[in-house]
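Geometric and topological summary
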Amino acid sequence: MKFPLLQMKALSLILNIIPSQQFFINKKNVNFASGKFIIRTANLIYMKKLFLFVMVALLLSACSNSGSKSTTDQGAQNEIVITNDLENAKGVIPSWYNEKTVVNMKDPLAHSGSYACVTNDTIEFSYSYSELFKNIRNGVPKMATLSGWIYTTVANPEISIICNINENKNRYQWKVYPLEKEISETGKWIEFNSSFYFDKPLNPEQEVSFVAWNLSKKAVYLDDFKITFMY
Ligand SMILES: [Ca+2]
């Protein structure tokens, strides 16, 4: 288990507050304080500290993992990267939609963890991302990419990544990136990458969305999305 520096500092602070010497200054303990008893008491204190350390560590670890797995990192100064491994999708992650398509995968196994997204004859649209440009970062991007992993049950399925831009709920720009030719192998996870150049002028009030659209009527699964906006 790894703990970030901040959590380790919190643990240290909490453990220092615990009055670990109170066993020794308790009159009852002092009266019966043979060598063995002191050792047992010392062990008790050690166990108490260990127990508290583990409990606090578990609590802090749980807190740190309870949030969205979707992270927004500002890697290079001119780009924003957003990732989602779908493991917490059922808990509803801001900016992500269509959670009903996220399933606990058994056969095939998900690409990461337990969850991936399914599209098939009744589910044409995948788990999706949608957000106003102004909520992503100042300014508007020049281009964006959506990459991830895909698993198809039929060779060359008719499936595409859609990048849609809306302005006041009306469609402003609609771009399609077909994946059909790239996905020739069935029964295995394949990495895909789709790129979108924004050739029309954008403004921060517009909303950008990404979704996979499966028209093959056959099962195609997706996992580990990564969206990169370049400014
Ligand atoms: Ca996953």
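What counts, and where the lines are drawn
- Residues numbered from 1 in each chain as written.
- Predicted model: local features only at pLDDT ≥ 70, side-chain atom pairs only at ≥ 80, totals over all residues.
- Helix = DSSP H or I, 4+ residues; strand = E, 2+ residues; numbered from the N terminus.
- Contact = placed C-beta atoms within 7 Å.
- Core = buried A, V, L, I, M, F, W, Y, C linked by C-beta atoms within 7 Å.
- Buried ≥ 20, exposed ≤ 12 C-beta atoms within 10 Å, placed from the backbone.
- pLDDT = per-residue confidence, 0-100.
- Pairing = 2+ DSSP bridges.

1. Considerations on the overall build of the protein
Across its full length, the protein holds five helices and twelve strands. Look at the contacts in the protein between residues 6 or more apart in sequence, and 74% of them connect residues 24 or more apart.

2. Quick notes on the environment of L215
Counting through the fold element by element, L215 comes out in the loop between β11 (207–214) and β12 (220–230). Distance in space between the C-alpha atoms of L215 and S160 is 8.5 Å, their sequence separation being 55 residues. Apart from the residues lying within four places of it in its own chain, the contact partners of L215 are E124 and E158.

3. What about the nonpolar core?
Counting residues in each nonpolar core, the largest one holds 36 residues, and the members touching the most others are L86, A116, C117, I150, F210, L222 and I227. For this core, the elements supplying multiple residues, two or more each, are β5 (115–119), α5 (133–136), β7 (143–152), β8 (159–167), β10 (189–197), β11 and β12. No other element matches β12, which puts six residues into this core.

4. Quick word on unusual backbone geometry
Most peptide bonds take the trans form, and the phi angle of most residues other than glycine is negative. Here D107 and P108 are connected by a cis peptide whose omega angle stands at 5 degrees. Looking at the element boundaries, P108 is found in the loop between β4 (102–104) and β5. Not every positive phi belongs to a glycine, and L86 is a case in point at roughly 70 degrees. Mapped onto the secondary structure, L86 falls in the loop between β2 (79–84) and β3 (96–97).

5. So, the confidence of the model for the protein
Of all residues in the protein, 67% have pLDDT values of 70 or greater, and the mean over the chain is 79. Long-range and interchain partners of residues 1–46, a stretch whose pLDDT sits below 50, account for 26 contacts in this model, where long-range means more than four residues apart. The low-confidence segment residues 50–72 (pLDDT under 50) makes 29 contacts with residues lying over four places distant or belonging to another chain.

6. A short note on the sheet that holds β3
An order of β3-β6-β11-β8-β9 is seen for the five strands of this open sheet, with the pairing classed as antiparallel. At either end of the open sheet lies a strand with only one pairing partner, and these are β3 and β9 (170–178). Relative to β11, strand β6 (residues 128–132) runs antiparallel, the two being bridged by four bridges. Counterpart to L132 in the pairing with β11 is E207.

7. A few points about the environment of N193
Take N193: it is sitting in strand β10. Along the sequence, N193 and I161 sit 32 residues apart, while their C-alpha atoms lie 9.3 Å from each other. Setting aside anything within four residues of it in sequence, one finds N193 in contact with T145 and S147.

8. What about the pairing of β12?
A regular strand places its side chains on the two faces of the sheet in alternate fashion. Of all eleven residues making up β12, eight are buried, and the element is well covered by its neighbours. As paired elements, β2 and β12 share six bridges and run antiparallel to each other. Bridging across to β12, I80 finds its partner in F229. Of the strand pairs in this sheet, β5 and β12 are connected by three bridges, and their pairing is antiparallel. Paired with V118 across the bridge in β12 is Y221. As paired elements, β7 and β12 share nine bridges and run antiparallel to each other. Bridge pairing in β12 places W149 opposite D223.

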